[in-house]
Protein chains: 2
Amino acid sequence: MSELKNDRLIRALLRQKVDQTPIWVMRQAGRYLPEYRQIREKAGSFMNLCQSPELACEVTLQPLERYPLDAAILFSDILTIPDAMGLGLYFTEGEGPKFKNPIRTEKDIDALAIPDPEVELRYVMDAVRLIRSELAGRVPLIGFAGSPWTIATYMVEGGGTKFFANTKTLMFDRPELMHRLLDKLAIATTEYLKAQIAAGAQAIMLFDTWGGMLTRRDYHEFSLAYMKKIVGQLKSVAPNVPITLFTKGGALWLESMADSGCDALGLDWTINIADARKRVGNSVALQGNMDPCVLYANPNRIEEEVKLILADYGKGCGHIFNLGHGIHPTIDPDHMGHLIESVQTHSRQYHQ
Amino acid sequence: MSELKNDRLIRALLRQKVDQTPIWVMRQAGRYLPEYRQIREKAGSFMNLCQSPELACEVTLQPLERYPLDAAILFSDILTIPDAMGLGLYFTEGEGPKFKNPIRTEKDIDALAIPDPEVELRYVMDAVRLIRSELAGRVPLIGFAGSPWTIATYMVEGGGTKFFANTKTLMFDRPELMHRLLDKLAIATTEYLKAQIAAGAQAIMLFDTWGGMLTRRDYHEFSLAYMKKIVGQLKSVAPNVPITLFTKGGALWLESMADSGCDALGLDWTINIADARKRVGNSVALQGNMDPCVLYANPNRIEEEVKLILADYGKGCGHIFNLGHGIHPTIDPDHMGHLIESVQTHSRQYHQ
């Protein structure tokens, strides 16, 4: 495979010197782009889009055609694993992901088989291979998965949820059963991410969208412990592939997240990045963390916020600029361009 | 008015010695109680229920008939103020509160008048007076309001929201206009709470449901600053009425919340209460903070969690037991009873 022409992201994740702060944006391949909406329509459904390596590759590359981003991220979904386990993933307009066969009982959990990534999830690996080949070393490709806890919430609820009532009832009433489910998901996720790395993913991110809905005790026991297992396993086979952990709403637990063996932490926008850096010291890189809503504002205000965040992080390596959560579907693509330009213009002074 | 026969809540809020940890529960008068659902049906709509002092009084007292709680909280809604400002509050099944006339422009904001609590919000004051009289000193009555920031989000969005896109666009693009709106809301809220105290409320709580959606900088500027104003104004007229601030998702900012002049902080369940106590020292009391989902679990598990939280807070005064958020509508009322019994049984040892 081709040598990386732009290795800013990888260097920053490993806390090495760069010329300017690398930037990529969560959901950078997404609905705010008219060219994405066009392909999405052509695909018919979101799942068709994910499951076609050619279309997934095309949308992965779309934001790179428009903007000087420092990374591509695989276009896929965190729920491919439970879908491959037979839960029947589908998407409803406005209501998000749903499962035809949610998991509620001991029998359901025991019946789950670990998917073979090159069989049931072959379409993801094919997409990774195709994207790597199409990228031709322009920027690194980020692979990803959901955290076991986050995936479990969708599997148990059968979709998105407000209160996590079913998941937490299982967790509080039958913790050993919840652990059995999470164990399986940690194994499946490890295999899935190993395969993504083998297929060409050059950095890995774990999305723990719902870890922040837990108490400190439950977060450590039911979410972080399993992410830590995955990190350990991946590091034993691919020690040089940087891993980023992102728990939305997890700012209270940055210290133990940093202690998981990962290379970087994703930050949502509620934590000030200067405070985060003070707390984790030089142990990990930090990715983030502009409020995605700033992109609704005028270009001057966007630039202002970029300058504040860059100044908060301060001098030195280990910062990857990103939003604190995915870019919203109604953002003006020009505002995204302005964000990237602002980061690239104003960050150079922090790397001299 | 009658002397307080049970002053545990007030004493704990003021960090004075008590015999056992007082407990009340957010939304204790609510849908999980069959007797509430009966009155709610009789009232026809949620707004009718709020606006009838007799019915509001009846539902306020319902949980006290069932359980040995240490406080009553006024049955009302945080959106009574914007309703009184003419926005036309209504509730849709499953979708929550809506406004007929949301606020979007400078003209909208300038047109808002400060309601006279004894005129436009007379029904709330009448409910407070009636409840105080019916309580006859059994337990104290908590009055409340929403934080200006939280109320503003509903006013600008016209209801609940996922991204706060309109509110934050206003905040980022026209901060001076957002401040004008928040200023008006702070004045209206101060007048409203002063009137509740004059009518008989013996403690006050400010609910900042959406402050946790802000960055550190924006939280301090757009939410905490206005709560602080309200606290200062209330303290100047009623220095002995304890005030609790609750920002859901606000655990990162406990130190500055504690510094606002309030007496107590409400904690959601994501922060461990031992960590919270370490951080704020003896400056304020702490209210909370069991995950509301624990009430889905079996009674033994509920008791276990109560013991953990009591032990985390540890010995000494200043703890008010509560959930970290409102009780869910599908909770078994017996589980609520078990929670209260567990707190009362296991907390005595911490007050010897």
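Within each chain, residues carry numbers counting from 1 in the order of the written sequence. Lettering for chains starts from A, numbering for ligands starts from 1, and both go in the order in which the items are written. For this predicted model, a pLDDT threshold of at least 70 governs which residues receive local features, and a threshold of 80 or more governs which side-chain atom pairs are given and counted, while totals over whole chains, interfaces and linings are taken from all residues.

1. Let's talk about the overall build of chain A
A run of H or I in DSSP becomes a helix once it reaches four residues, and a run of E becomes a strand once it reaches two; helices and strands are each numbered from the N terminus. Looking only at helices and strands, one finds 15 helices and nine strands in chain A. C-alpha atoms define the radius of gyration, and 2.2 Å times the number of residues to the power 0.38 defines the globule rule. Computed over its C-alpha atoms, the radius of gyration of chain A comes to 19 Å, within 12% of the 20 Å expected for a compact globule of 352 residues. In terms of principal-axis extent, the alpha carbons of chain A reach across some 60 × 45 × 40 Å. Every C-beta atom is placed from the backbone, and the number of other C-beta atoms within 10 Å of a residue's own sets its class: buried at 20 or more, exposed at 12 or fewer, partly exposed in between. The buried share of chain A, taken over its 352 residues, is 54%. By the criterion used throughout, residues are in contact when their C-beta atoms, derived from the backbone, lie within 7 Å. When contacts within chain A are restricted to residue pairs at least 6 apart in sequence, those whose partners lie at least 24 apart make up 73%.

2. Focus: the nonpolar core
Take the buried Ala, Val, Leu, Ile, Met, Phe, Trp, Tyr and Cys residues, join any whose C-beta atoms are within 7 Å, and the set you get is a nonpolar core. Counting 242 residues, the largest nonpolar core has Leu74 and Ile142 of chain A together with Leu74 and Ile142 of chain B as the members making the most contacts within it. If near-sequence neighbours (up to four positions away) are discounted, isoleucine 142 of chain A is found in contact with Ala71, Ala72, Ile73, Leu74, Ala201, Ala203 and Met205 of chain A.

3. Thoughts on unusual backbone geometry
Put simply, glycine 288 of chain A and asparagine 289 of chain A share a cis peptide bond, and its omega is -5 degrees. Tracing the backbone shows asparagine 289 of chain A in the loop between strand E8 (285-287) and helix H14 (299-313). With a phi angle near 60 degrees, arginine 15 of chain B is a residue other than glycine that sits in the positive phi range. Take arginine 15 of chain B: it is sitting in the loop between helix H1 (8-13) and helix H2 (34-43). Look at alanine 136 of chain B: it is not a glycine, yet its phi comes out positive at around 50 degrees. Among the structural elements, alanine 136 of chain B can be located in the loop between helix H7 (122-135) and strand E4 (141-146). Under the C-beta neighbour-count criterion, alanine 136 of chain B is labelled exposed, with 10 such atoms within 10 Å.

4. Side note on the relation of the copies chain A and chain B
For these two chains of identical sequence, chain A goes onto chain B by a turn of 180 degrees and a shift of 0.0 Å along the axis, with RMSD 0.0 Å. One copy is carried onto the other by what is essentially a two-fold rotation axis. Across chain A, the smallest distance between a C-alpha and the rotation axis is recorded for leucine 252 of chain A, namely 3.4 Å. Copies are brought into register by a least-squares superposition over C-alpha atoms of residues with pLDDT of at least 70 in both.

5. With respect to the pairing of strand E2 (residues 89-92) of chain A
Residue and element names in this part refer to chain A. As judged from the four bridges shared by E2 and strand E3 (residues 96-99), these two strands associate in the antiparallel manner. The partner of threonine 92 across the bridge, within E3, is glycine 96. For two strands to be treated as a pair, DSSP must find no fewer than two bridges joining them. Counting the residues that bridge the hairpin from E2 to E3 gives three residues, and of these glycine 94 lies at a positive phi of roughly 85 degrees.

6. Notes on the interface of chain A and chain B
In many reports, interface size means the accessible area that the parts give up when they come together. Facing the 26 residues of chain A at the interface are 26 residues of chain B. Looking at the side of chain A that touches chain B, the element that brings in the most residues is helix H9 (residues 165-173) of chain A, giving five residues. In this classification, Asp, Glu, Lys and Arg are treated as charged, Ala, Val, Leu, Ile, Met, Phe, Trp, Tyr, Cys and Pro as nonpolar, and every other residue, Gly included, as polar. Partitioned by chemical class, the residues of the side of chain A that touches chain B number twelve nonpolar, nine polar and five charged.

7. Structural notes on the sheet that holds strand E6 (residues 243-247) of chain A
Residue and element names in this part refer to chain A. Sheet architecture is open: seven strands sit in the order E1-E4-E5-E6-E7-E8-E9, paired in parallel fashion. Two strands in the sheet have a free side with no partner beyond their single neighbour: strand E1 (72-73) and strand E9 (319-320). The pairing of strand E4 (residues 141-146) with strand E5 (residues 203-208) spans five bridges and is parallel. Bridge pairing in E5 places glycine 143 opposite isoleucine 204.

8. Description of the environment of proline 239 of chain A
All names here are of chain A. Examined against the element boundaries, proline 239 turns out to sit in the loop between helix H11 (216-237) and E6. For proline 239, a count of 7 C-beta atoms within 10 Å gives the class exposed. Distance from proline 239 to aspartate 108, taken between C-alpha atoms, is 35 Å for residues 131 residues apart in sequence.

9. Notes on the pairing of strand E5 (residues 203-208) of chain B
Residue and element names in this part refer to chain B. Along E5, six of the six residues are buried, which leaves the element largely enclosed by surrounding structure. As paired strands, E5 and strand E6 (residues 243-247) are joined by five bridges and run parallel to one another. Each residue of the ladder has a partner; that of methionine 205, found in E6, is threonine 244. In this view, the connection linking E5 to its parallel neighbour E6 by way of helix H11 (residues 216-237) has right-handed handedness. Handedness is read with the strands pointing away from the viewer; a crossover is right-handed when the path from the first strand over the helix to the second is clockwise.

10. Points about the packing of helix H5 (residues 80-87) of chain B against helix H8 (residues 148-157) of chain B
All names here are of chain B. Closest axis-to-axis distance for the H5/H8 pair is 10 Å, and the angle between their directions is 40 degrees. On the basis of the axis angle, H5 is oblique to H8. Note on packing geometry: the crossing formed by H5 with H8 is right-handed. Here Ile81, Pro82 and Leu87 of H5 lie close against H8, whose contacting residues are Ile151, Tyr154 and Met155. Throughout, an axis means a line fitted to C-alpha atoms (over the contacting stretch in the case of helices), and angles, computed between N-to-C directions, take values from 0 to 180 degrees. Each angle receives one of four descriptions, namely roughly parallel if under 35 degrees, roughly antiparallel if over 145, roughly perpendicular if within 65 to 115, and oblique otherwise. In this scheme, a crossing is called left-handed if the near helix is turned counterclockwise away from the far one by less than a right angle; it is called right-handed if the turn is clockwise.

11. A few points about the confidence of the model for chain A
pLDDT: the predictor's confidence for each residue, scored from 0 to 100. In this model, chain A carries a mean pLDDT of 97, and residues with pLDDT of at least 70 account for 99%. This prediction of the complex comes with two scores: 0.97 for pTM and 0.96 for ipTM.

12. Some thoughts on H8 of chain B
Residue and element names in this part refer to chain B. Across the ten residues of H8, ten count as buried, placing the element largely inside the fold. Inspection of H8 places Pro148, Trp149, Thr150, Ile151, Ala152, Thr153, Tyr154, Met155, Val156 and Glu157 among the buried residues, and these make up the whole buried set. Downstream of H8 by one or two residues, glycine 158 has phi in the positive range, about 85 degrees.

13. Structural notes on helix H4 (residues 53-66) of chain B
Residue and element names in this part refer to chain B. Take the residue count of a helix, subtract one, and multiply by 1.5 Å to get its expected span. Helix length check: H4 (14 residues) gives 21 Å between terminal C-alpha atoms against 20 Å at 1.5 Å per residue, within 8%. Taken together, the buried positions of H4 are occupied by Ala56, Cys57, Glu58, Val59, Thr60, Gln62 and Pro63. Taken together, the buried residues of H4 touch H2, helix H3 (46-51), strand E1 (72-73) and H7.

14. Overview of the sheet that holds E4 of chain B
Sheet architecture is open: seven strands sit in the order E1-E4-E5-E6-E7-E8-E9 (chain B), paired in parallel fashion. With partners counted over all chains shown, the strands left at the sheet margins are E1 and strand E9 (319-323) of chain B, one partner each.

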